[in-house]
Amino acid sequence: MKIIKIDDGTMEKFLQRSQLDSSSIVNIVEDIVSNVRDNGDKALHHYTEKFDKVDLKDFLIEEEDLKRSIQKINSQLMVSLEKAASNIEKFHQSQLPQEWSLEVDEGITAGQIVRPLERVGCYIPGGRAIYPSSILMTVIPAKVAGVEEIICCTPPGPDKTVQDMVLAAAYLAGADKVYRVGGAQAIAAMAYGTETIPAVNKIVGPGNIFVTAAKKMVYGQVDIDFPAGPSEVLIIADETGNPEYIALDLLAQAEHDPQAASVLVTTSMDLATAVKDQVEEELPRMKREEIITESLQKNGKIIVVNTMDDAIRFSNEYAPEHLIIATREPEEVVKDIKNVGSIFLGNLTPVAAGDYGSGTNHVLPTSFCARMYSGLSTESFLKKPTVQRLSEAGLKSLKDVVIPLAEYEGLYAHAESFKKRLDGIKK
Ligand code: NAD
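Residues numbered from 1 in each chain as written. Predicted model: local features only at pLDDT ≥ 70, side-chain atom pairs only at ≥ 80, totals over all residues. Heavy atoms only, no water.

With that settled, consider the nonpolar core. With 42 residues, the main nonpolar core has I135, L136, V139, C152 and F381 as its most contacted residues. Elements supplying a minimum of two residues to this core: α3 (63-72), α4 (75-94), β6 (119-123), α5 (132-145), β7 (149-154) and α6 (164-173). Considering each element in turn, this core owes the most residues, eight residues, to α5. If we ignore the near neighbours within four places in the chain, the residues touching C152 are C122, I124, I135, V139, A175, K177, V178 and Y179. Counting 31 residues, the second-largest nonpolar core is a separate cluster that includes L44, V54, V181 and I203. (Core = buried A, V, L, I, M, F, W, Y, C linked by side-chain atoms within 4.5 Å. Buried < 20%, exposed > 50% of the residue type's maximum accessible area, 1.4 Å probe, protein only. Helix = DSSP H or I, 4+ residues; strand = E, 2+ residues; numbered from the N terminus. Contact = heavy atoms within 4.5 Å.)

A word on the pairing of strand β14 (residues 322-326). Counting buried positions over the five residues of β14 gives five, a clear majority of the element. Side chains H322, I324 and A326 project from β14 onto one buried face, and the interleaved L323 and I325 project onto a second face that is buried too. Pairing of strand β11 (residues 232-237) with β14 involves five bridges; the strand directions are parallel. What sits directly across from L234, in β14, is L323. Alignment of β14 against strand β15 (residues 342-345), held across four bridges, turns out to be parallel. By the bridge assignment for β15, L323 is matched with I343. (Pairing = 2+ DSSP bridges.)

In this section: the pairing of strand β12 (residues 261-266). For a regular strand, side-chain orientation follows a simple rule: the groups alternate between the two sheet faces. Of all six residues making up β12, six are buried, and the element is well covered by its neighbours. With burial as the criterion, each face of β12 is covered, one bearing A261, V263 and V265 and the other bearing S262, L264 and T266. Bridge analysis of β11 against β12 gives six bridges, and the strand direction is parallel. If you follow I235 over to β12, its bridge partner there is L264. For the segment spanning β11, helix α9 (residues 243-254) and β12, crossover handedness is right-handed. Sheet topology places β12 next to strand β13 (residues 300-304); five bridges connect them, and they run parallel. Residue pairing in the sheet places S262 in a bridge with G300 of β13. (Right-handed = clockwise from strand over helix to strand, strands pointing away.)

Glancing now at the sheet that holds β14. Pairing within the open sheet is parallel, and its six strands lie in the order β1-β13-β12-β11-β14-β15. Sheet topology places β1 (3-5) and β15 at the edges, where each strand pairs with a single neighbour. Geometrically, the sheet is characterised by an average inter-axis angle of 20° between neighbouring strands, direction not taken into account. (Axes fitted to C-alpha atoms, helices over the stretch in contact; angles between N-to-C directions.)

Annotation of the protein at the domain level lists domain 1 (23-224), domain 2 (229-374) and domain 3 (391-426). Taken together, the contact pairs four residues of domain 1 with five residues of domain 3. Summed over both partners, the interface of domain 1 with domain 3 buries about 300 Å², with 58% contributed by carbon and sulfur atoms. Together, E106, G107 and I108 form the three largest contributors to the area buried by domain 1 at its contact with domain 3, with a combined 93%. Along the contact surface separating domain 1 from domain 3 lie zero salt bridges. Our count for the contact surface shared by domain 1 and domain 3 stands at two residue pairs in polar contact (both at pLDDT 80 or more). Here the side of domain 1 that touches domain 3 is built from residues that sort into one nonpolar, one polar and two charged. (Domains from an automatic or database assignment. Buried area = accessible area lost by both parts, 1.4 Å probe. Salt bridge = Lys/Arg side-chain N within 4 Å of Asp/Glu carboxyl O. Polar contact = N/O pair within 3.5 Å; in protein donor to acceptor, adjacent residues only side chain to side chain. Nonpolar A, V, L, I, M, F, W, Y, C, P; charged D, E, K, R; others polar.)

This is how it looks when you write it as structure tokens:
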């Protein structure tokens, strides 16, 4: 990894990382989405044969198979899944918003109620790796929010099945149905519905470039969480940062994907040098050395800045998916952090904690999206309709607001609806 010393003025050019450029695949995904919309299961069958190389008679995984998967997996892994699920549930319970109302003015009560989405679809990637943790991170918050029906789509493996760990996680988290369908065709199926897969109100979950492009295409027909690209970590550290831990956090992020980004921003040249040496020492023994090497070459950086304020400014511009703060007083640094998916404080909190088990959600915005999106949460599955009620006093106190404004806008029936009630209470 290169060490770069930057001053404020040169910050801009080090913010870039791999962006998902889906322009070359837009036509392919458009064809898939419209074919599934028009031809339902027949199109799903065609694309599953074409991309996943399996000929499936049906896509639904029977409930019995979900149940049976629990017995088939290693008992230690089951304990890990259960503990992770319990922490994720506890955390997401705390995110449930309260209903409230207040008297806005005399006789005018207004408030907000909370209602879950009725049916949601969770996309669980399954092309190059298996992600039981992503099942927990998508299904559990939906369950906590009170969603009535939660379905999952995940690609079938070469043997036509889905791994038992994924099915066990789905069963444990409380998914209602799991379908063996992947890619853009799964997204289109959940957006428009087919003979076997019902249309949902919202689609969430990570996926590759085809999945992400399809999610953007069906947005409007359904809601989506956000476009999520390759993973990223930014580490802010001072001289108290532990070089061995920091090196492993950089390597851990890089092993996700050749396009992943791992960045250290530090005020200490000594720490920068120690981390660089440590990364070089550790790299050859990493099981995913090839992916890590490509990722670090493309998007890995060690940046040395003059002050902690410069480090914070860089981080706010970068808007990382994950931010580790390994400084003497990390809580002080957090006060100035504006754009980030999830924060990990101190030397003892690796990103892996949030990936699997501290309870926070690992489905997070990437590629600058943390400037405008938060990660997946219980609120992602909730709507907050507003409610109001006027008393006679409320009608009177609003009359000089509503009637003149409605008449000014030429909406005379609006004004009449108010006047009629005022006449009614006078009688
Ligand atoms: P995937 O399930 O997203 O994609 C596999 C599907 O892609 C296949 O079923 C197939 O239908 C489709 N596909 C493959 N080649 C195609 C082609 N040429 N044309 C059309 N469709 C094609 O699985 P993946 O590919 O392993 O990607 C998973 C992604 O999700 C990775 O980038 C990973 O980093 C990311 N991820 C992110 C998180 C997170 O929380 N941010 C978690 C897990 C995974």
